[in-house]
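So the chains spell out like this:
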Amino acid sequence: QVQVVESGGGLVQAGGSLRLSCAVSGSILSVGVMGWYRQSPGKQRELVAKMTGAGTPTYADSVKGRFTISRDNAKVTADLQMNNLKPEDTAVYYCNAWGRVLHRDYQDYWGQGTQVTVSS
């Protein structure tokens, strides 16, 4: 089994910062892209940021210049540093790992999500 566990969410005032962490463990053999997605009530889940195994990041336009994704391939972790938070960043944030276990093709693995609430 593969476990994806997020931590670091919480309540913060607008303009503040939070750091989310994601750890992948279990029987996963290889991980490609790792990323963060978010979903707020009534909206579809959307990409926030992702990073390839080689370290190339991609950001949603709405978070460019404010959020930074990083990862540690050896530890199979991915962090999201969120600065200058805005009320519209309020959502449940999910970690995603595109990985492979023995005898299986690559597939998406998701965490349970962590709530981020930004007050105005």
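Numbers given for residues are sequential positions, taken from 1 along each chain in its written order. Note on the predicted model: pLDDT of at least 70 is required for a residue's local features to be given, and 80 or more for side-chain atom pairs to be given and counted; whole-chain, interface and lining totals, by contrast, use all residues. Side-chain metrics in this entry use all non-hydrogen atoms of the structure; hydrogen atoms and water are not considered.

## Re the overall build of the chain
Thinking step 1. Helix numbers and strand numbers start at the N terminus; a helix is a DSSP run of H or I with at least 4 residues, a strand a run of E with at least 2. Secondary structure summary: the chain contains zero helices and eleven strands in total.
Thinking step 2. Each helix and strand of the chain, placed in order from N terminus to C terminus, yields the pattern β-β-β-β-β-β-β-β-β-β-β.
Thinking step 3. A compact globule built from 120 residues would reach a C-alpha radius of gyration of about 14 Å, and the chain, at 14 Å, matches this within 12%.
Thinking step 4. Taken over the C-alpha atoms alone, the chain extends approximately 50 × 25 × 20 Å along its principal axes.
Thinking step 5. Accessibility throughout is a Shrake-Rupley quantity obtained with a 1.4 Å probe, and a residue counts as covered only by protein chains that appear here. Carbon and sulfur atoms make up 48% of the accessible area of the chain, which totals about 6,500 Å². We take the radius of gyration over the C-alpha atoms and set the globule estimate at 2.2 Å times the residue count to the 0.38 power.

## Some remarks on the nonpolar core
Thinking step 1. Val24, Met34, Trp36, Leu80, Met82 and Tyr93 are the most contacted members of the largest nonpolar core, which has 31 residues in total.
Thinking step 2. Going through the elements one at a time, strand E1 (2-7), strand E3 (18-26), strand E4 (28-39), strand E5 (46-51), strand E7 (67-72), strand E8 (77-82), strand E9 (91-101) and strand E11 (114-119) are the ones with two or more residues in this core.
Thinking step 3. Element by element, the count of residues in this core is highest for E9, at five residues.
Thinking step 4. Contacts are residue-level and defined by heavy atoms, with any inter-residue pair within 4.5 Å sufficient. Apart from the residues within four sequence positions on either side, Met82 is in contact with Gly16, Ser17, Leu18, Leu20, Arg66, Phe67, Tyr93 and Val116. We call a set of buried residues a nonpolar core when its members are Ala, Val, Leu, Ile, Met, Phe, Trp, Tyr or Cys and they connect through side-chain atoms within 4.5 Å of each other. Think of it in three bands: with a 1.4 Å probe and only protein chains considered, a residue is buried below 20% of the maximum accessible area for its type, exposed above 50%, and partly exposed in between.

## Observations regarding the pattern of salt bridges
Thinking step 1. Whenever a carboxyl oxygen of Asp or Glu lies within 4 Å of a side-chain nitrogen of Lys or Arg, that contact is scored as a salt bridge. The final tally for this structure, using the stated rule, is five salt bridges.
Thinking step 2. The partner of Glu46 in a salt bridge is Arg38, and the shortest N-O contact between them spans 2.7 Å.
Thinking step 3. Looking at Arg38, the relative accessible area reads 7%, which means it is buried.
Thinking step 4. The network of salt bridges with shared partners includes Arg38, Glu46, Arg66 and Asp89.

## Thoughts on unusual backbone geometry
What you tend to see is this: most non-glycine residues have negative phi, and most peptide bonds are trans.
Thinking step 1. Of note, Val76 is a non-glycine position whose phi angle comes to about 55°, a positive value.
Thinking step 2. Unlike most non-glycine residues, Asn84 shows phi in positive territory, near 50°.
Thinking step 3. Locating Asn84 in the fold gives a position in the loop between E8 and E9.
Thinking step 4. The partly exposed category is assigned to Asn84, whose relative accessible area is 43%.

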